[in-house]
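Listed below are the residues making up each chain.
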Amino acid sequence: MNISGDPQVWVIAIGTLMIYSYLWKENAAYRLMEHMLLGLGIAFSAVLTWDTLIIPRVRTNIIAQGHWMFVVFGLLGLLLYTRMLSPKWSWLSRYPVAVSVGYGVGFSMAMSPRPWLLQVRDSFRDLWVVRDGVFRAQATFDEWVFFIALITTVMYFFFTVPHRVTAVRVGSRIGRYAIMVAFGAAFGNTVAGRISLFLGRLQFLLHDWLGFII
Amino acid sequence: MSIWERFERIDARLVYLFMALALVLPVLRPIGMPISINPHLTQPFFDWIEGRLPPNSLVLMDAAYSAGPAAELEPQLVANFIHLMRRGHKVVVMAQWEMGAVLARTTLDRVAKEVGAVYGVDYVVAGWRAGGTPWVRSLQDDFWAGMAAVDVDGVSFERLPLMARARALTPEHFAGIIIYASGSPGVATWITWFPEMPLYVGNVAVQVPGNMDELAAGQIRGMLSGLRGAAEYELLIDKPGRAVKLMDAQSMAHAMIIILLVLGNVGYVMKGRRKAA
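Scoring rules and cut-offs
Residues numbered from 1 in each chain as written. Chains lettered and ligands numbered in written order. Predicted model: local features only at pLDDT ≥ 70, side-chain atom pairs only at ≥ 80, totals over all residues. Helix = DSSP H or I, 4+ residues; strand = E, 2+ residues; numbered from the N terminus. Buried ≥ 20, exposed ≤ 12 C-beta atoms within 10 Å, placed from the backbone. Pairing = 2+ DSSP bridges. Axes fitted to C-alpha atoms, helices over the stretch in contact; angles between N-to-C directions. Contact = placed C-beta atoms within 7 Å. Nonpolar A, V, L, I, M, F, W, Y, C, P; charged D, E, K, R; others polar. Domains from an automatic or database assignment. pLDDT = per-residue confidence, 0-100. Parallel < 35°, antiparallel > 145°, perpendicular 65-115°, else oblique. Left-handed = near helix turned anticlockwise from the far one by under 90°.

Draft legend 1. Fine view of the environment of Gly102 of chain A. All names here are of chain A. Inspection of the secondary structure assignment puts Gly102 in helix 5 (residues 94–111). C-beta crowding within 10 Å serves as the criterion here: with 10 such atoms nearby, Gly102 is assigned to the exposed category. Considered as a pair, Gly102 and Tyr30 are 72 residues apart in the sequence and their alpha carbons are 42 Å apart.

In structure tokens:
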């Protein structure tokens with residue numbers, strides 16, 4: 001065991017333990033660290049934006065290259081702050097919001113359908129798989145599982161025909177099981193992910209802070 | 001109350017204690033459990049860098065994560081970076097998450113010393129900029145303009161020789177994209193706006209099931225699944241590192257969760273039977 005003498009490591013370690021103290025119960029140490037993290041996060045974003053966006057844009061794009069439209073849209077963006085200045089001028093903030101919403105909707109609509117349509121196209125599978133002239137039983141089975149899960153899951157969310165009809169009722173019930181399997185896979189991966197996060201902290205505490213050889 | 005019923009009401013703090021023991025002991029005393037390579041996720045990722053990338057390719061890495069998911073994603077980033085450097089490729093890192101660029105810079109600077117990579121020549125961390133997806137989309141037209149022509153530390157691209165090759169985020173300049181994804185914005189940006197670019201994903205485990213449809217449809221070419229994916233990649237490049245060391249602990253924790261789930265459900269069933277009786 002070779003405990004670190006680096007003050008930065010100690011700050012991180014104590015911060016980690018203060019956050020994990022929540023596992024025992026809600027306490028002041030946890031709340032203090034939570035508030036500090038929030039403040040640091042906001043300050044970090046503000047400084048990063050100032051240093052790597054606003055300053056280079058002004059220096060390079062506006063002054064050196066003469067792209068004065070940045071100034072126009074910069075001023076438009078500043079109108080957002082009129083909401084905080086006074087109720088009399090707060091209506092001005094609607095203009096940058098309107099531009100943002102209009103741009104955002106158009107931007108999303110331009111390309112968003114394409115990825116989903118590619119996935120719909122991919123769902124048209126060959127249900128009798130023959131590769132290199134040989135029938136592939138495993139692949140055929142996989143495609144049938146996919147096909148049945150797809151159809152029955154869609155059936156589960158299909159409300160035009162009442163679910164009293166036998167075919168729809170049975171299909172939607174199978175679909176419900178397919179959905180449950182997907183939820184189970186997602187939950188299992190969530191657990192794996194959370195454990196990985198804890199392992200990262202554990203490695204820091206044991207190795208970087210306490211100096212255990214791992 | 002029988003012992004089985006007690007399992008249904010087990011104190012959460014006891015669960016944490018068992019879990020901590022299951023994690024700490026294998027970290028201190030590894031067991032050496034075998035790790036197999038996933039042929040659908042990890043292997044295509046490795047094969048791309050190992051054999052399909054043209055020599056001296058320029059690859060974009062997107063560090064779309066913050067400090068929390070770094071435990072899962074940084075071992076992936078490190079393994080991929082070592083592999084890319086070994087094969088003589090170049091890397092430009094940008095980030096859809098503001099903290100990702102700074103974390104990636106720190107990590108890559110450490111790894112670069114081990115593999116002999118030079119900042120500005122072999123890799124550059126361009127950084128994060130405000131603007132969300134429209135900003136990323138603008139990199140397609142002019143990478144320098146979108147990045148305001150400075151890296152994450154404010155150094156001009158003019159002083160970084162590698163950036164002369166990175167004029168636009170198009171297949172003419174970049175051979176592919178690797179994103180280390182932990183949420184939104186993330187993978188969707190690339191499959192929506194850059195469908196012509198080969199996309200590989202280093203993913204947090206929780207997102208992997210949600211991205212399987214994109215993998216099946218060919219929108220994602222290969223994927224690393226959390227710490228497990230990183231461990232597999234470390235083995236493939238023959239450089240076992242942090243992820244491999246932590247796999248025993250992960251496996252033990254999973255076994256513990258399965259045991260607790262079974263015990264909790266048995267307790268639930270026993271209670272139901274007693275009520276029925």
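That shown, we press on.
Draft legend 2. Quick look at the sheet that holds strand 3 (residues 123–127) of chain B. Residue and element names in this part refer to chain B. Pairing in this open sheet of six strands is parallel, and the strands run 3-2-1-4-5-6 from one edge to the other. Either end of the sheet is taken by a strand with one partner, and the two such strands are strand 3 and strand 6 (222–225). Between one strand axis and the next, the sheet turns by 15 degrees as a mean value, whatever way the strands run. The sheet contacts of helix 5 (residues 98–115) involve strand 1 (58–64), strand 2 (90–94) and strand 3, and relative to strand 3 the element is tilted by about 165 degrees. Its contacts with the sheet place helix 10 (residues 226–236) against strand 5 (199–203) and strand 6, and it is angled at close to 110 degrees to strand 6.

Draft legend 3. Local environment of the interface of chain A and chain B. In this assembly, 40 residues from chain A lie in contact with 46 residues from chain B. When contributions to the side of chain A that touches chain B are tallied by element, the ones reaching two or more residues are helix 2 (28–64), helix 5, helix 6 (113–122) and helix 8 (166–209) of chain A. Element by element, the count of residues in the side of chain A that touches chain B is highest for helix 8 of chain A, at 17 residues. For the side of chain A that touches chain B, the per-class residue count stands at 23 nonpolar, 13 polar and four charged.

Draft legend 4. Summary view of the domain arrangement of chain A. All names here are of chain A. Domain boundaries in chain A define domain 1 (1–67) and domain 2 (138–214). Between the C-alpha centres of domain 1 and domain 2 the distance comes to 34 Å. Tallying the contact residues gives eight residues for domain 1 and eight residues for domain 2. Considering only residue class, the side of domain 1 that touches domain 2 consists of five nonpolar, three polar and no charged.

Draft legend 5. Focus on unusual backbone geometry. Residue and element names in this part refer to chain B. Each neighbour pair has its own omega, and for Ser184 with Pro185 the value is 0 degrees, a cis peptide bond. Mapped onto the fold, Pro185 is located in the loop between strand 4 (176–181) and helix 8 (187–193). A positive phi angle, near 55 degrees, is found at Asp238, a position not held by glycine. Within the secondary structure layout, Asp238 lies in the loop between helix 10 and helix 11 (242–276). Using a count of 6 C-beta atoms within 10 Å as the deciding quantity, one classes Asp238 as exposed.

Draft legend 6. Seen up close, the domain arrangement of chain B. What the domain assignment lists for chain B is domain 1 (3–30 + 247–276) and domain 2 (42–240). A C-alpha centroid distance of 38 Å is found between domain 1 of chain B and domain 2 of chain B.

Draft legend 7. Seen up close, the environment of Met33 of chain B. All names here are of chain B. As for its placement among the helices and strands, Met33 is situated in the loop between helix 2 (12–28) and helix 3 (42–52). Measuring from C-alpha to C-alpha, the distance between Met33 and Asp248 comes to 6.1 Å, with 215 residues separating the pair along the chain. Setting aside anything within four residues of it in sequence, one finds Met33 in contact with Met247, Asp248 and Ser251.

Draft legend 8. Fine view of the confidence of the model for chain B. In the predicted model, chain B carries a mean pLDDT of 93, and 100% of its residues have values of at least 70. The ipTM for the predicted assembly is 0.81, set against a pTM of 0.88.

Draft legend 9. The arrangement of the packing of helix 8 of chain A against helix 2 of chain B in detail. Here helix 8 of chain A crosses helix 2 of chain B at 55 degrees, and the two axes come no closer than 11 Å. If you check the angle between helix 8 of chain A and helix 2 of chain B, you find them oblique. When the axes of helix 8 of chain A and helix 2 of chain B are compared, the crossing they make is right-handed. Residues Phe198, Leu199, Leu202, Gln203 and Leu206 of chain A of helix 8 of chain A lie in contact with helix 2 of chain B, whose contacting residues are Leu23, Val24 and Val27 of chain B.

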